[in-house]
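Understanding the architecture of this molecule
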Amino acid sequence: SLAIAPEARRRGAGRELLRIVVDRFRDEGCTEWALSVKTDNLPALRLYEPLGLRVHHTATVLRLGWDQAHHLAREEGPYVARPITPAEDAALEASFGLLGGQLASMRGRSGRVQLALVDPRAPEETPVGLVCFDPAWINASPFRVVCSSLAPWLIDAVRAHAPPGEPTLGIVSEEEALTRALLAAGASVRFETLFLRGPLPPAEH
(Lines give C-alpha, C1' and ligand atoms only; values in the text may rest on other atoms or scores of the structure.)
Protein backbone atom coordinates (compact mmCIF):
# COMPACT_ATOMS: atom_id res chain seq x y z
CA SER A 1 0.00 0.00 0.00
CA LEU A 2 1.17 3.48 -0.82
CA ALA A 3 -0.28 6.52 0.98
CA ILE A 4 0.83 10.14 1.17
CA ALA A 5 -0.27 12.50 3.95
CA PRO A 6 -2.54 15.24 2.53
CA GLU A 7 -0.14 18.02 3.55
CA ALA A 8 2.73 16.33 1.69
CA ARG A 9 0.97 15.76 -1.63
CA ARG A 10 2.09 17.39 -4.91
CA ARG A 11 5.60 17.78 -3.52
CA GLY A 12 7.23 14.68 -5.04
CA ALA A 13 6.81 12.32 -2.08
CA GLY A 14 4.80 9.78 -4.07
CA ARG A 15 7.29 9.71 -6.93
CA GLU A 16 10.18 9.28 -4.47
CA LEU A 17 8.44 6.38 -2.71
CA LEU A 18 7.84 4.70 -6.05
CA ARG A 19 11.50 5.17 -6.98
CA ILE A 20 12.47 3.34 -3.78
CA VAL A 21 9.96 0.57 -4.55
CA VAL A 22 11.32 0.18 -8.10
CA ASP A 23 14.90 -0.01 -6.82
CA ARG A 24 13.98 -2.74 -4.34
CA PHE A 25 12.06 -4.70 -6.95
CA ARG A 26 14.99 -4.48 -9.33
CA ASP A 27 17.38 -5.65 -6.60
CA GLU A 28 15.14 -8.73 -6.16
CA GLY A 29 15.39 -9.53 -9.85
CA CYS A 30 11.91 -8.34 -10.87
CA THR A 31 11.35 -7.09 -14.39
CA GLU A 32 7.72 -5.94 -14.13
CA TRP A 33 5.36 -4.62 -11.50
CA ALA A 34 1.63 -4.23 -10.95
CA LEU A 35 -0.78 -2.46 -8.63
CA SER A 36 -4.45 -1.68 -8.11
CA VAL A 37 -5.98 1.78 -7.79
CA LYS A 38 -9.56 2.98 -7.45
CA THR A 39 -11.00 4.09 -10.77
CA ASP A 40 -11.70 7.63 -9.51
CA ASN A 41 -8.20 8.23 -8.11
CA LEU A 42 -7.02 10.45 -10.97
CA PRO A 43 -3.99 11.93 -9.15
CA ALA A 44 -2.64 8.42 -8.58
CA LEU A 45 -3.20 7.46 -12.20
CA ARG A 46 -1.30 10.56 -13.32
CA LEU A 47 1.53 9.48 -11.04
CA TYR A 48 1.68 5.89 -12.30
CA GLU A 49 1.29 6.31 -16.06
CA PRO A 50 4.66 8.06 -16.71
CA LEU A 51 6.30 5.09 -14.97
CA GLY A 52 5.07 2.68 -17.64
CA LEU A 53 2.08 1.25 -15.78
CA ARG A 54 -0.92 0.64 -18.05
CA VAL A 55 -4.46 -0.54 -17.33
CA HIS A 56 -4.61 -4.32 -17.67
CA HIS A 57 -8.20 -4.89 -16.51
CA THR A 58 -10.91 -3.62 -14.17
CA ALA A 59 -11.76 -5.39 -10.93
CA THR A 60 -15.13 -5.03 -9.21
CA VAL A 61 -15.36 -5.48 -5.45
CA LEU A 62 -18.78 -6.89 -4.58
CA ARG A 63 -20.70 -8.04 -1.54
CA LEU A 64 -22.89 -11.12 -1.96
CA GLY A 65 -25.28 -12.58 0.58
CA TRP A 66 -24.90 -16.30 1.07
CA ASP A 67 -28.61 -16.67 0.31
CA GLN A 68 -28.18 -14.68 -2.92
CA ALA A 69 -25.68 -17.26 -4.17
CA HIS A 70 -28.61 -19.64 -4.70
CA HIS A 71 -29.82 -17.38 -7.52
CA LEU A 72 -26.65 -17.99 -9.55
CA ALA A 73 -26.87 -20.38 -12.49
CA ARG A 74 -25.05 -23.56 -11.45
CA GLU A 75 -23.10 -25.89 -13.73
CA GLU A 76 -24.20 -29.50 -13.39
CA GLY A 77 -21.75 -31.22 -11.11
CA PRO A 78 -20.44 -32.44 -8.93
CA TYR A 79 -17.33 -30.28 -8.56
CA VAL A 80 -14.96 -30.53 -5.61
CA ALA A 81 -12.74 -27.92 -3.98
CA ARG A 82 -9.38 -29.06 -2.62
CA PRO A 83 -6.35 -27.24 -1.16
CA ILE A 84 -3.83 -25.78 -3.59
CA THR A 85 -0.35 -27.25 -3.22
CA PRO A 86 2.83 -25.18 -3.73
CA ALA A 87 3.90 -27.52 -6.53
CA GLU A 88 1.00 -26.37 -8.72
CA ASP A 89 1.34 -22.62 -8.05
CA ALA A 90 3.11 -21.74 -11.29
CA ALA A 91 0.71 -23.70 -13.51
CA LEU A 92 -2.35 -22.20 -11.82
CA GLU A 93 -0.94 -18.68 -11.97
CA ALA A 94 -0.33 -19.07 -15.70
CA SER A 95 -3.73 -20.67 -16.31
CA PHE A 96 -5.72 -18.02 -14.45
CA GLY A 97 -3.66 -14.95 -15.30
CA LEU A 98 -2.20 -14.35 -11.85
CA LEU A 99 1.16 -12.76 -11.15
CA GLY A 100 4.07 -15.13 -10.68
CA GLY A 101 4.55 -15.82 -6.98
CA GLN A 102 1.12 -14.46 -6.05
CA LEU A 103 -0.17 -17.71 -4.54
CA ALA A 104 3.00 -18.25 -2.51
CA SER A 105 2.83 -14.70 -1.19
CA MET A 106 -0.79 -15.13 -0.10
CA ARG A 107 -0.10 -18.54 1.40
CA GLY A 108 2.30 -16.88 3.82
CA ARG A 109 -0.44 -14.69 5.27
CA SER A 110 -1.99 -16.07 8.43
CA GLY A 111 -5.34 -17.80 8.09
CA ARG A 112 -5.65 -17.66 4.29
CA VAL A 113 -7.46 -20.56 2.65
CA GLN A 114 -6.48 -21.47 -0.93
CA LEU A 115 -8.71 -23.82 -2.88
CA ALA A 116 -8.74 -25.22 -6.41
CA LEU A 117 -12.04 -26.32 -7.98
CA VAL A 118 -11.77 -29.60 -9.86
CA ASP A 119 -14.03 -31.97 -11.75
CA PRO A 120 -13.71 -35.35 -9.98
CA ARG A 121 -14.73 -36.99 -13.25
CA ALA A 122 -11.52 -35.65 -14.79
CA PRO A 123 -9.05 -35.40 -11.89
CA GLU A 124 -6.00 -35.04 -14.13
CA GLU A 125 -7.39 -31.99 -15.93
CA THR A 126 -6.44 -28.42 -15.03
CA PRO A 127 -8.60 -27.01 -12.21
CA VAL A 128 -11.61 -25.01 -13.40
CA GLY A 129 -11.48 -22.46 -10.59
CA LEU A 130 -9.45 -21.16 -7.69
CA VAL A 131 -9.94 -18.88 -4.72
CA CYS A 132 -7.88 -17.34 -1.94
CA PHE A 133 -10.17 -16.68 1.01
CA ASP A 134 -9.46 -14.50 4.03
CA PRO A 135 -11.80 -15.59 6.88
CA ALA A 136 -10.92 -12.51 8.94
CA TRP A 137 -12.39 -10.18 6.30
CA ILE A 138 -14.80 -12.69 4.70
CA ASN A 139 -13.20 -11.78 1.40
CA ALA A 140 -12.36 -13.89 -1.67
CA SER A 141 -9.54 -12.55 -3.86
CA PRO A 142 -8.48 -13.77 -6.31
CA PHE A 143 -11.70 -15.55 -7.25
CA ARG A 144 -11.40 -17.24 -10.63
CA VAL A 145 -13.66 -19.64 -12.54
CA VAL A 146 -13.51 -20.62 -16.20
CA CYS A 147 -17.24 -19.85 -16.49
CA SER A 148 -19.60 -18.00 -14.15
CA SER A 149 -21.85 -21.05 -13.66
CA LEU A 150 -19.01 -22.66 -11.68
CA ALA A 151 -19.01 -19.81 -9.14
CA PRO A 152 -21.69 -21.39 -6.88
CA TRP A 153 -19.51 -24.46 -6.36
CA LEU A 154 -16.57 -22.30 -5.28
CA ILE A 155 -18.79 -20.13 -3.05
CA ASP A 156 -20.11 -23.27 -1.33
CA ALA A 157 -16.55 -24.36 -0.64
CA VAL A 158 -15.60 -20.95 0.77
CA ARG A 159 -18.63 -20.87 3.07
CA ALA A 160 -17.33 -23.93 4.91
CA HIS A 161 -14.36 -21.79 6.03
CA ALA A 162 -16.32 -18.64 6.93
CA PRO A 163 -17.09 -17.71 10.55
CA PRO A 164 -20.64 -18.66 11.53
CA GLY A 165 -23.23 -15.91 11.49
CA GLU A 166 -21.56 -13.75 8.82
CA PRO A 167 -24.32 -12.95 6.27
CA THR A 168 -22.24 -11.87 3.28
CA LEU A 169 -19.12 -12.69 1.28
CA GLY A 170 -16.82 -10.20 -0.40
CA ILE A 171 -15.75 -11.20 -3.91
CA VAL A 172 -13.25 -9.43 -6.15
CA SER A 173 -14.40 -10.17 -9.71
CA GLU A 174 -12.02 -9.54 -12.59
CA GLU A 175 -14.23 -11.02 -15.32
CA GLU A 176 -17.18 -9.15 -16.83
CA ALA A 177 -19.31 -12.29 -17.17
CA LEU A 178 -18.82 -13.16 -13.51
CA THR A 179 -19.56 -9.60 -12.42
CA ARG A 180 -22.81 -9.58 -14.42
CA ALA A 181 -23.87 -12.92 -12.93
CA LEU A 182 -23.18 -11.77 -9.37
CA LEU A 183 -25.08 -8.51 -9.90
CA ALA A 184 -28.03 -10.40 -11.38
CA ALA A 185 -28.07 -12.59 -8.26
CA GLY A 186 -28.35 -9.46 -6.07
CA ALA A 187 -24.74 -8.65 -5.17
CA SER A 188 -23.91 -4.99 -4.49
CA VAL A 189 -20.88 -3.11 -5.80
CA ARG A 190 -18.62 -1.64 -3.13
CA PHE A 191 -16.13 -0.04 -5.52
CA GLU A 192 -14.13 -0.65 -8.70
CA THR A 193 -10.38 -0.69 -9.16
CA LEU A 194 -8.07 -0.60 -12.14
CA PHE A 195 -5.32 -3.21 -12.23
CA LEU A 196 -2.20 -1.63 -13.73
CA ARG A 197 0.80 -3.57 -14.97
CA GLY A 198 4.01 -2.82 -16.84
CA PRO A 199 7.79 -3.24 -17.08
CA LEU A 200 9.93 -1.75 -14.36
CA PRO A 201 11.19 1.65 -15.49
CA PRO A 202 14.93 1.93 -16.16
CA ALA A 203 17.25 2.82 -13.31
CA GLU A 204 17.79 6.51 -12.75
CA HIS A 205 21.36 7.76 -12.97
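In this report, the structure presented in the accompanying data block is examined. (Residues numbered from 1 in each chain as written. Predicted model: local features only at pLDDT ≥ 70, side-chain atom pairs only at ≥ 80, totals over all residues. Heavy atoms only, no water.)

1. Some details on the overall build of the protein chain
Each helix and strand counted, the protein chain has six helices and eight strands in total. Of the regular secondary structure in the protein chain, the N- to C-terminal order runs α-β-α-β-β-α-α-β-β-β-α-β-α-β. Seen through its C-alpha atoms, the protein chain measures out along the principal axes to roughly 60 × 35 × 30 Å. Across the 205 residues that make up the protein chain, the buried fraction comes to 41%. Element-wise, carbon and sulfur atoms account for 53% of the exposed surface of the protein chain, whose accessible area totals about 11,700 Å². The distance from the centre of the 22 positive side-chain charges to the centre of the 25 negative ones in the protein chain is 7 Å. (Helix = DSSP H or I, 4+ residues; strand = E, 2+ residues; numbered from the N terminus. Buried < 20%, exposed > 50% of the residue type's maximum accessible area, 1.4 Å probe, protein only. Areas by Shrake-Rupley, 256 points an atom, 1.4 Å probe, with all protein chains shown as cover. Lys, Arg positive; Asp, Glu negative; His and termini not counted. Charge placed at Lys NZ, Arg CZ, Asp CG, Glu CD.)

2. So, the pairing of strand β8 (residues 188–199)
Sheet topology note: the strand β1 (residues 32–38)/β8 ladder contains seven bridges and is antiparallel. Residue pairing across strands places Glu32 opposite Pro199, the latter belonging to β8. Two strands pair when backbone bridges link them, and strand β2 (residues 54–65) and β8 are joined in this way by nine bridges, in the antiparallel orientation. The residue bridging His57 from the neighbouring strand is Phe195, located in β8. (Pairing = 2+ DSSP bridges.)

3. Describing the sheet that holds strand β3 (residues 80–83)
One open sheet accounts for eight strands, arranged β1-β8-β2-β7-β6-β5-β4-β3; its pairing is mixed. Each end of this open sheet is capped by a strand with a single partner; those strands are β1 and β3. In this sheet, adjacent strand axes meet at a mean angle of 25° when their direction is disregarded. (Axes fitted to C-alpha atoms, helices over the stretch in contact; angles between N-to-C directions.)

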